Amino acid sequence: MNILIVGSGGREHALGWKLSQSQSVNKVYYCPGNGGTINNLPYSIIDFSKIMSFAIKNNCLVVVGPEEPLTKGIVNELSDRISIFGPTLEATRLEASKSFAKQFMKQNNISTPEFTSFSDPEKAKDFVYNTDKSLVIKADGLAAGKGVVVCENKEDALNAIDSIMIRKNFGNSGNVIVIEERLFGEEVSLIGISDGNTIIPMATAQDHKRIYDNNTGPNTGGMGSFSPSNIIPIDSFNDIINKIMKKTIHAMKKNNTPFVGFLYAGLMIEKDTQKPYVLEYNVRMGDPECQPLMMRMKSDLFNYIKCSISGTLDTLPPLEWYENAAVCVVMAEKGYPSTFEKRNVIHGLNSTFGDNIKIFHAGTLRNDNEVLTDGGRVLGVTALGKDLTHARLEAYEAVKKIHWGKNREYYRKDIGLNG
Ligand code: AMP
Ligand code: GLY
């Protein structure tokens, strides 16, 4: 069978790389892919009819990477005609509406910070004036990871309400906001693969969301990641899977919106109590968490995807992982996440890299024999090592071999350091 991966990021390159190693997979296509992937199709990720025709003609199982096609209903539209892996539109509400997700967690007794939803900015401001708690303000809908403001004081919170609800900086995504109690602690990404009844967890991973070292500066799509994470003590991993991931899947099934696909819970382990809280759900694989996870996965991912679609995940054993740690350092165009250059020629991609190194492409474009930059996050340089320290060293050795223009590339120097 062939695979068609929808998306163009590092996550999609890593998924395709892993799936291409399966005995059951013949050819991997990408729609639209990037400068590091081959068999790229020139269709938009939301051109569902072209994706469907190609998949039918070429015997492809479709794996959807990003949230946009999922939240626009690609699975609902295509699943009668082809095999497609991902949640339905109804199930994507876990990511597409923060107020829905929060309500869902409250109803189902899934641990999440205290919250209130508002559709009236004046009522939201009254709430801010009348509380002593530290707050986080969240646009209800999708906002490319930018609709969350972690507030230092009341002024930040009032500005966030203005920006999201009055100036509509995220359009209709800001019609409703969630005001949440701010927690302090370490974050970890828990991801599982589900067929609607059963969920099989991935290894733990962590990403680094802020642009600068020591977790400072604005949020980005993710500047690097690593696996495993030691934030969840080994003896509480199963308990967290039961109380968060399994509970989520069972409640979604009970609500007649079964969740099939990769389910991602962004957790914070609260510093004082060591209790886990769900800060967000994503209805897809994490990017860049996917890159180290794919490097560490021993099992054949194709079997798990196939059994998720057919509802038979319970017939498979737990996923197996290499003991090695993996670190992914994202190389970005300088200026990201605000303005940055594009079309710089990338040098050094043909350097000698060990078998333990994989350069996953994201914002790149192939032009004849050259690879050009084509986005903020350009490459995810990923290394396997016997432990986090070694994986880190190897990843940064590889990063040093890659350049585009004088001082145009930017990367954090502390990826994997706090693991
Ligand atoms: P979200 O999209 O809801 O995960 O929020 C994006 C980021 O904002 C998270 O990864 C956290 O770093 C931060 N954040 C969100 N909610 C909270 C919270 N209640 N307390 C502290 N930080 C938070
Ligand atoms: N790395 C965070 C995300 O994929 O949303």
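Conventions adopted
Residues numbered from 1 in each chain as written. Chains lettered and ligands numbered in written order. Predicted model: local features only at pLDDT ≥ 70, side-chain atom pairs only at ≥ 80, totals over all residues. Heavy atoms only, no water. Phe/Tyr/Trp six-rings, centres within 6.5 Å; stacked < 30°, edge-to-face > 60°. Helix = DSSP H or I, 4+ residues; strand = E, 2+ residues; numbered from the N terminus. Buried < 20%, exposed > 50% of the residue type's maximum accessible area, 1.4 Å probe, protein only. Lys NZ or Arg CZ within 6 Å of the ring centre and 35° of its normal. Pairing = 2+ DSSP bridges. Axes fitted to C-alpha atoms, helices over the stretch in contact; angles between N-to-C directions. Near = heavy atom within 4 Å. Polar contact = N/O pair within 3.5 Å; in protein donor to acceptor, adjacent residues only side chain to side chain. Areas by Shrake-Rupley, 256 points an atom, 1.4 Å probe, with all protein chains shown as cover. Nonpolar A, V, L, I, M, F, W, Y, C, P; charged D, E, K, R; others polar. Contact = heavy atoms within 4.5 Å. Disulfide = S-S within 2.5 Å. Salt bridge = Lys/Arg side-chain N within 4 Å of Asp/Glu carboxyl O.

Student: Quick rundown of the packing of aromatic side chains? Include the residues and the values.
Tutor: Considering all chains together, one arrives at nine aromatic pairs under this definition. Ring centres 4.8 Å apart and planes at 75° place the aromatic pair Tyr 29 and Phe 54 in the edge-to-face group. Residue Tyr 29 is found in strand β2 (residues 28-32), and its partner Phe 54 is found in helix α2 (residues 48-57); the two are separated by 25 residues along the sequence. For Phe 54, a relative accessible area of 14% puts it in the buried group. With a centroid separation of 6.1 Å and 25° between ring planes, the pair formed by Phe 100 and Phe 104 is classed as stacked. With Phe 100 and Phe 104 both in helix α6 (residues 98-107) and four residues apart, this pair spans about one turn of that helix. Judged by its relative accessible area of 2%, Phe 104 falls in the buried class. An aromatic cluster of at least three residues, connected via ring pairs, comprises Phe 100, Phe 104 and Tyr 281. Across from the ring centre of Tyr 411, 4.4 Å away, lies the NZ or CZ of Lys 413, which sits over that ring.

Student: Explain the sheet that holds strand β16 (residues 276-282) residue by residue, including any values.
Tutor: If you trace the four strands from one edge of the open sheet to the other, you get β10-β9-β15-β16, paired in antiparallel fashion. Each edge of the open sheet is held by one strand with a lone partner, namely β10 (199-201) and β16. Taking each pair of neighbouring strands and ignoring which way they run, the sheet shows an average axis angle of 30°. Relative to β16, strand β15 (residues 260-270) runs antiparallel, the two sharing six bridges. Each residue of the ladder has a partner; that of Tyr 264, found in β16, is Asn 282.

Student: Explain the site of ligand 1 residue by residue, including any values.
Tutor: Around ligand 1, the surrounding shell holds 15 residues, and the nearest of these are Lys 138, Glu 180, Leu 183, Glu 187 and Glu 280. At a separation of 2.8 Å, an oxygen atom of ligand 1 approaches a polar side-chain atom of Lys 138. When ligand 1 sits alone it has 470 Å² of accessible area, and the protein chains cover 92% of it. Mapped by element, the contributors of at least two residues to the shell around ligand 1 are β6 (135-139), β7 (148-150), β8 (177-181) and β16. Split into classes, the residues belonging to the shell around ligand 1 amount to seven nonpolar, no polar and eight charged.

Student: Give a detailed account of the site of ligand 2, specifying residues and quantitative values.
Tutor: If you check the shell around ligand 2, you find Asp 207, Gly 221, Tyr 264, Asn 282, Arg 284, Gly 286, Asp 287, Pro 288 and Glu 289 and nothing else. Note that an oxygen atom of ligand 2 is positioned 3.0 Å from one of the backbone N or O atoms of Asp 287. Burial of ligand 2 by the protein chains amounts to 89% of its free accessible area of 200 Å². Looking at side-chain class alone, the shell around ligand 2 contains two nonpolar, three polar and four charged residues.

Student: Requested: an account of the sheet that holds strand β3 (residues 60-64), with residues and values cited.
Tutor: Taken in spatial order, the four strands of this open sheet run β2-β1-β3-β4, and their pairing is parallel. Unpaired on one side and paired on the other, β2 and β4 (84-85) mark the two borders of the sheet. Across five bridges, the pairing between strand β1 (residues 2-7) and β3 is parallel. Considered in β3, the bridge of Leu 4 is made with Val 62. This element, helix α1 (residues 10-19), spans β1, β2 and β3 of the sheet and lies at about 170° to β1.

Student: Hey, could you go over the state of the cysteines for me, with residue numbers and the actual values?
Tutor: Applying the stated criterion to the full structure yields zero disulfides. Among the cysteines around Cys 60, which has no disulfide bond, Cys 31 carries the closest sulfur, lying 10 Å off. The class of Cys 60 is buried, set by a relative accessible area of 4%. Here Cys 328 is not cross-linked by a disulfide; its sulfur's nearest cysteine counterpart is in Cys 290, at 9.7 Å. Look at Cys 328 and you get buried, because its relative accessible area is 0%.

Student: Let's hear about the pattern of salt bridges: which residues, and what values?
Tutor: Note that side chains of opposite charge can pair when their charged atoms are close. The full count for this structure, using the stated rule, is 19 salt bridges. The salt bridge involving Glu 280 is made with Lys 98; its shortest N-O contact spans 4.0 Å. Of this pair, Glu 280 sits in strand β16 while Lys 98 sits in helix α6, placing them 182 residues apart in sequence. A single burial state applies to Glu 280 and to Lys 98, both of which are buried.

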